Amino acid sequence: MTAEEQERTIIAYVALGSNIDNREHYLQGAITALNEESGISVTGQSSIYETEPVGYVDQSAFLNMVVQIHTDLSPEALLVTLLAIENRLGRTRDLRWGPRTIDLDLLLYGDHRLTTPDLIIPHPRMHERAFVLVPLSEVLYARQAVQFESISAHLEKLEGKEGVILWKKAQ
């Protein structure tokens, strides 16, 4: 994406998670797939964190991270793209909150607020999840000071941050 195109785009944040097989491979595969999509450019990424599962806990630990993207896709088109990438990387939906090769969640889409049957922005549960807020705050700190302060305030109130362990530092 050219600098001109980036000026006309929305900055969005996507959470990535994996807990099957080579977890880091799936995270990197998702980043590559995002960059290969027309209308999407990955412009920042957090470190990778190892986290205990939430919801259905009888499964392996996850690797989680957050990426910042520039996109000219609508929120709905971006969601369709994220679901297609999950599908290409072998995601199945057999058990709610169950094991997965890759999970891509649209967290923020500029300063937009949206509620449809298929998509809620900001992500409705992100403020309850340290495995989202820790990497999100890391990316925002470097790029979006105002949003960082808001996310940091939520993170301060959140219990259970001790379950989020730095697994691999961002480069």
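Think of each chain on its own: its residues are numbered from 1, step by step along the sequence as written. Reporting of local features is limited, given that this is a predicted model, to residues whose pLDDT is at least 70; pairs of side-chain atoms are given and counted only at 80 or more, and all residues count toward the totals for whole chains, interfaces and linings. Remark: hydrogens and water are excluded; side-chain values derive from all non-hydrogen atoms of the structure.

Enquirer: What is the right way to read the side chain of serine 47 from this model?
Expert: Numbering of helices and strands runs from the N terminus; a helix is a DSSP stretch of H or I covering at least four residues, while a strand is a stretch of E covering at least two. Tracing the backbone shows serine 47 in the loop between β2 (40-45) and β3 (48-51). A polar side-chain atom of serine 47 sits 2.8 Å from a polar atom in the side chain of glutamate 138. Think of a polar contact as two N or O atoms within 3.5 Å of one another; within protein, one of them needs to be a possible hydrogen donor and the other a possible acceptor, and neighboring residues in sequence only count if both atoms come from side chains.

Enquirer: Help me understand the nonpolar core, please; the structure alone is not making it clear to me.
Expert: What is meant by a nonpolar core is a set of buried Ala, Val, Leu, Ile, Met, Phe, Trp, Tyr and Cys residues, joined one to another through side-chain atoms within 4.5 Å. Remark: exposure states derive from per-residue accessible area (1.4 Å probe, protein chains only) relative to the maximum for the residue type, with buried under 20%, exposed over 50%, and partly exposed in between. With 27 residues, the main nonpolar core has Val14, Leu16, Val67, Ile69, Leu78, Leu104 and Leu106 as its most contacted residues. Among the elements of the structure, β1 (10-18), α2 (23-36), β2, β4 (62-71), α3 (75-88) and β5 (103-109) are those that each provide at least two residues to this core. Here this core gets six residues from one element, more than from any other, and that element is α2. Once residues within four sequence positions are removed from consideration, isoleucine 69 is found in contact with Ile10, Ile11, Ala12, Val14, Ile40, Ser41, Val42, Thr43 and Leu78. In terms of nonpolar packing, the next biggest core, distinct from the first, is built from 15 residues, Tyr49, Val66, Leu140 and Val164 among them. Any two residues whose heavy atoms approach within 4.5 Å at even a single point are treated as in contact.

Enquirer: Explanation requested: the layout of surface pockets in the structure shown.
Expert: A probe as big as a water molecule, rolled over the atoms, marks out the empty space that is left. The pocket and cavity definitions rest on a 1 Å grid over protein atoms only: a 1.4 Å probe that fits but cannot leave marks a cavity, an open set with protein on both sides within 12 Å along at least five of seven lines marks a pocket, and residues lining either have an atom within 4 Å of a point. Grid points are joined across faces, edges and corners, and a volume is the space filled by probe spheres set on the points. Space inside the largest pocket adds up to approximately 870 Å³. Considering the residues around the largest pocket, the lining is formed by 38 residues, among which Arg93, Asp103, Asp105, His123 and Arg125 are closest to the centre. Breaking the lining of the largest pocket down by element, the ones donating at least two residues are β1, β4, α3, β5 and α4 (130-143). When its residues are assigned to classes, the lining of the largest pocket shows 19 nonpolar, seven polar and 12 charged. Amino acids are sorted into nonpolar (Ala, Val, Leu, Ile, Met, Phe, Trp, Tyr, Cys and Pro), charged (Asp, Glu, Lys and Arg) and polar (every other residue, Gly among them).

Enquirer: What is the right way to look at the confidence of the model for the protein in this model?
Expert: Caution is warranted with low-pLDDT regions, since their predicted coordinates should not be read in detail. Every residue gets a pLDDT, meaning the predictor's confidence in that residue, from 0 to 100. Chain-level pLDDT for the protein is 85 on average; 82% of the residues reach the 70-or-more range. Here helix α1 (residues 3-7) is the element of the protein with the lowest mean pLDDT, 58, and α2 is the one with the highest, 97.

Enquirer: Just checking my understanding: could you explain the environment of leucine 73 for this structure?
Expert: When you line up the elements, leucine 73 lands in the loop between β4 and α3. The exposure class assigned to leucine 73 is buried, which follows from its relative accessible area of 18%.

Enquirer: Help me out: how do you make sense of the pairing of β3 in this one?
Expert: Regular strands place side chains that alternate from one sheet face to the opposite one. Here the rule is simple: two strands pair whenever DSSP picks up at least two bridges between them. Both β3 and strand β8 (residues 164-168) contribute to a ladder of four bridges, which runs antiparallel. Paired with glutamate 50 across the bridge in β8 is isoleucine 165. Note: β3 against β4, three bridges, orientation antiparallel. Within β4, the position partnered with glutamate 50 by the bridge is leucine 63.

Enquirer: I keep staring at the environment of leucine 133 and nothing clicks. Help me out?
Expert: Note that leucine 133 resides in helix α4. Along the chain, leucine 133 and valine 164 lie 31 residues apart, while their C-alpha atoms are 10.0 Å from each other.

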